Each structure stands twice: as C-alpha cells, then as structure tokens.
Amino acid sequence: MDQQVVTDFLKLVRCAMQSQTPKLDPEQVNWQEVFRLAQAHQLGVMIAYPALELVNDPASGVFRLGMQAIGSGLAQQQAQSRLLEQMRLSFPALQIPFLPLKGSLLRPMYPKPEMRTMCDLDILLHKEDLEKAGQWLKENGFEQEEGFDHDVPYTKLPYLHVELHYRLFSENTSASLSRFFASVWDQAQPKEEGSWEYRLSPEWFAAYLTAHFAKHVFGSGSGARSVLDLWLFQKQVPLEEKKLFALLDKLNLSQFYRRMIRLGECWMEGTPCPEELKPVQDYILQSGVYGTEEHRVLAQSAQAESKGKHLLLRFCPPLKEMRYHFPVLQRLPVLLPFCWVGRWVRVLKKGTGNFRREMEVLKTLSPEEMEENRKLMAQLGLSRFRA
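These lines cover the structure that appears in this document, whether it is placed above or below. (Residues numbered from 1 in each chain as written. Predicted model: local features only at pLDDT ≥ 70, side-chain atom pairs only at ≥ 80, totals over all residues. Heavy atoms only, no water.)

What the chain contains, in helices and strands, is 18 helices and seven strands. Computed over C-alpha atoms, the radius of gyration of the chain comes to 22 Å, within 12% of the 21 Å expected from 2.2 N^0.38 for 387 residues, which places it in the range of a compact globule. The principal-axis extents of the C-alpha atoms in the chain amount to approximately 65 × 60 × 45 Å. For the chain, restricting intrachain contacts to residue pairs at least 6 apart in sequence, the fraction spanning at least 24 positions comes to 67%. Accessible surface computed for the chain: about 19,200 Å², of which carbon and sulfur atoms make up 52%. Distance between charge centroids for the chain: 5 Å, based on 47 positive and 46 negative side chains. (Helix = DSSP H or I, 4+ residues; strand = E, 2+ residues; numbered from the N terminus. Rg over C-alpha atoms; globule rule 2.2 N^0.38 Å. Contact = heavy atoms within 4.5 Å. Areas by Shrake-Rupley, 256 points an atom, 1.4 Å probe, with all protein chains shown as cover. Lys, Arg positive; Asp, Glu negative; His and termini not counted. Charge placed at Lys NZ, Arg CZ, Asp CG, Glu CD.)

The structure is reproduced here in structure tokens:
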C-alpha cells in the first residue's frame, strides 16, 4: 500500500472529523487512489468535503468524485433517517419495543451525519415481535431475504436494507459473544419515559461496538470506520471506565479496546503511528470496511495452526456450525457425517467459484504469514478472544 496515499487519506479524514481545511497541495495528491482507499472503508463522503475545499473546479475529476460521493451519501442517509423516523411513529401503535444499533446512533455524532455511511439499518427486537415488524416492512415495500440465526434482513432498492436482529450475535459462528449478550434487553432502558424505543447504557453499547469490531478483525478484518466509531463514541459520551473495563475484561477485549482508541488518537492528532501499532494500522487499512477473502483465509489458517487443518475444517465443519445449515442436527447429531456430504452437494450445485478462489489464496500462504497473523492477534490482545 502506497504510504503517501495512506498519509493523505488519514489527513483528509482528520480534517473532515475536525471541520478543518487540509494543508495539502492538490496537485501532489493521487486523488484516484485516495478515493479508492476511502471508498473501500466507506469513507468517500467523509473525505469528499475537505477534498472539495482544495479542488472546486467543476471540470476536474476530483470535483466529480467528491460531488458523486456526497450526493449518493446524502440520498442514502436521508432515506435511512426517514425510515427510522417512520419506525418511531409506527412501532408504538404495533406495541413493538425496538433498540437501534450501531450506525444509526453513531451517525449524529459525526460532523455531518452523511459522513457515517451505513449499509444496513440494524434494529434489535424481541423474537416474538419479528413477524409484526416484518409485516410492517412488507406493507412499506420491503422484500424479505434469507437471514441467519440472529437476524432477518429486508430490502427496498435502491438504498434501504434493514436487519431485524433478535440476537446481537450468531449462536453458530459467535457462540461466546451470543451468550454474553443474551441478556442485552436487561441492560436496556426506554429512551424516555413511555417510549417504545430503547437504549443500552453507554458502557454496554461501547462493549458491544468493541465486540462487533473484534469479531470482524479476528475473522476477515475490519476497516478504518470501526476505529473512528469507537474513538468518537468514547470522546463524545461519558463512560464509567470501571464498568466498561469490567465488561471488556470478561470478553478478553480490554487490550483490543485500548489499542483501537490509541490508533484513533494517532489519526485524530496527526501524530506518527507507534511502531507497535504499525502492523495493526496496515492490517486495518488493507482490510476495507468488511474485510477481505485473503485476510479471512489467513486468519482461519493461522487459528487452525496449519493449512491442512484449515482445509479439513472447510470440508468437515464442526457440529456447532453445521447445525445452522442442517437443523436436524439439533436432535440427531449422529447424522453429522451425512450432513457433510449434503453440504458438499449444495456447494457443487451453487458452483465452486468461491471455493476455487479460497484454494488459490490458500496456496500462496506461507507458515511465516500465519505466524505473523498470530503475532498480530496477540498484539491486539485477541489471543484469548473467542467469538
């Protein structure tokens, strides 16, 4: 990754977050690469504002990139905000308690709400209210999609994607986190007296943000936006550190939280990244907002301790993972070998493109790269973390 592109990208992010004009020579900035990096982290809207302070010629490519990013970001933000407001107006009549998650609560903390882009509007509900809420979404033009064991997604093109969560984490892929946050409604309070909209305490919300971030870093990587979210939340919301670290200690995430806050401070203060955080910064900036296939395969191989063990787990996943895809295993775990065969048949029917790509990545991995990944996870305090 070009270090000058990284430097210019982080400078633009800092100026956007602090509403400052960047001290950059626009002729010396590789705008195509800076915007490509920003879009990979869903921060194109954010850097567009300071970029347009430097380049305001409508004929320039930079101006077009910036205006396009802001235009689509504003349209998405306004559509999502209107939908959330409709929920606030409609759910009380349907007697549906709801708890907005992640971006919809963080967005107002940013200098401009559209700077905090969201792919999905995430809402936590009680499981018994899923049908009522889903029916309301369908009546408002949404179509239900295939979900997981913790959420039900709905889509209304072009901008609106809603995930109705009934757990914060999957029981199959994130069992430890799912158990820890199983009592999340016990930690929630109405936003105000008589409201059907709920909020977590600041400490529980920060712990949830940290756990969600760590799960992705541990899996396939996660990007700069998650660092900004965590840094901004602790900057703007008073936190009782004793309560927060009591939660993070139980999750084995205290060191991870401190590292991410320190990295955010470096970015916002414009200070050089400490040597021990440089590998962390590189990994995050290479990951993009949702991680990469290369990082996923590397992480899984490193955790399995060899490429051979990784392959075995891909061909014959453990029971806890298979139960989601084959519910019969809940009652009859003895059928696991037969379900493995069923899984292979499904993969062949869907096509082997993804599997081939994974094998190509796997072939290029060296033992040294896997060891570096394990060291990185140890630096982040994730050696004992279990999603």
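Having seen the model, we can carry on.
Summed over all chains, the structure comprises 14 salt bridges. Glu197 is the partner of Arg88 in a salt bridge, and the nearest nitrogen-oxygen pair spans 2.8 Å. Placement of the pair is Arg88 in helix H4 (residues 61-94) and Glu197 in the loop between strand S6 (188-190) and strand S7 (198-200), with a sequence separation of 109 residues. For Arg88, a relative accessible area of 25% translates into the label partly exposed. Assessed through its relative accessible area of 4%, Glu197 is described here as buried. Measuring nitrogen to oxygen at the nearest pair gives 2.7 Å for the salt bridge that ties Arg296 to Glu293. Highlighted residues: Arg296 and Glu293, both in helix H13 (residues 293-304), separated by three residues, approximately one helical turn. (Salt bridge = Lys/Arg side-chain N within 4 Å of Asp/Glu carboxyl O. Buried < 20%, exposed > 50% of the residue type's maximum accessible area, 1.4 Å probe, protein only.)

Listed in full, the buried residues belonging to helix H2 (residues 31-40) are Trp31, Val34, Phe35, Leu37 and Ala38. End-on, the buried residues of H2 take up no more than an arc of 160°, which puts them together on one face. Those residues of H2 that are buried are in contact with helix H1 (3-17), helix H3 (44-54), H4 and helix H12 (278-287). Residue Gln42 follows H2 closely and has a positive phi angle near 55°. (Arc of directions from axis to C-beta.)

With that settled, the discussion passes to the packing of aromatic side chains. Across all of its chains, the model carries 14 aromatic pairs by this definition. Plain terms: the ring middles of Phe213 and Phe256 are 5.2 Å apart, the flat faces sit at 70° to each other, and that makes the pair edge-to-face. Placement of the pair is Phe213 in helix H8 (residues 202-219) and Phe256 in helix H11 (residues 254-269), with a sequence separation of 43 residues. Both residues of the pair, Phe213 and Phe256, count as buried. Taken together, the ring pairs in this structure connect Phe169, Phe180, Phe181, Trp204 and Tyr208 into an aromatic cluster. Across the ring face of Phe326, the terminal group of Arg346 is positioned such that the distance to the ring centre comes to 4.2 Å. (Phe/Tyr/Trp six-rings, centres within 6.5 Å; stacked < 30°, edge-to-face > 60°. Lys NZ or Arg CZ within 6 Å of the ring centre and 35° of its normal.)

With that settled, consider unusual backbone geometry. Cis rather than trans, the peptide bond between Leu157 and Pro158 has omega equal to 10°. Checked against the element boundaries, Pro158 lands in the loop between strand S4 (151-156) and strand S5 (160-165). The backbone of Ser19 shows a phi angle near 50°, a positive value even though the residue is not glycine. Along the polypeptide, Ser19 turns up in the loop between H1 and H2. Under the relative-accessibility criterion, Ser19 is labelled exposed at 61%.

When you line up the elements, Glu305 lands in the loop between H13 and helix H14 (307-315). Residue classification places Glu305 among the exposed residues on the basis of a relative accessible area of 55%. Residues Glu305 and Arg374 lie 69 residues apart in sequence; the distance between their C-alpha atoms is 9.2 Å.

So, about the pairing of S5. Counting buried positions over the six residues of S5 gives five, a clear majority of the element. The sheet contact formed by strand S2 (residues 121-124) and S5 spans four bridges and is parallel. Note that in S5 the partner of Ile123 across the bridge is Leu164. Alignment of S4 against S5, held across six bridges, turns out to be antiparallel. For Lys156, the partnering residue across the bridge sits in S5 and is Leu160. Between S4 and S5, which pair antiparallel one after the other, the connecting turn spans three residues. (Pairing = 2+ DSSP bridges.)

Each α-helix winds once per 3.6 residues, and so residues spaced three or four apart point in a common direction. Here helix H9 (residues 224-236) contains 13 residues, and its C-alpha end-to-end distance of 18 Å stays within 8% of the 18 Å for a straight helix at 1.5 Å per residue. In terms of burial, H9 is largely enclosed, as 10 of its 13 residues are buried. Burial in H9 covers these residues: Ala224, Arg225, Ser226, Val227, Leu228, Asp229, Leu230, Trp231, Leu232 and Phe233. Looking at the buried positions of H9, the neighbouring elements they touch are H1, H3, helix H5 (103-106), H8, H11 and H12. (Expected span 1.5 Å × (residues − 1).)

To continue, consider the side chain of Ser226. Mapped onto the fold, Ser226 is located in helix H9. Within the structure, Ser226 has its side chain in polar contact with the side chain of Ser222 (distance 3.2 Å). (Polar contact = N/O pair within 3.5 Å; in protein donor to acceptor, adjacent residues only side chain to side chain.)

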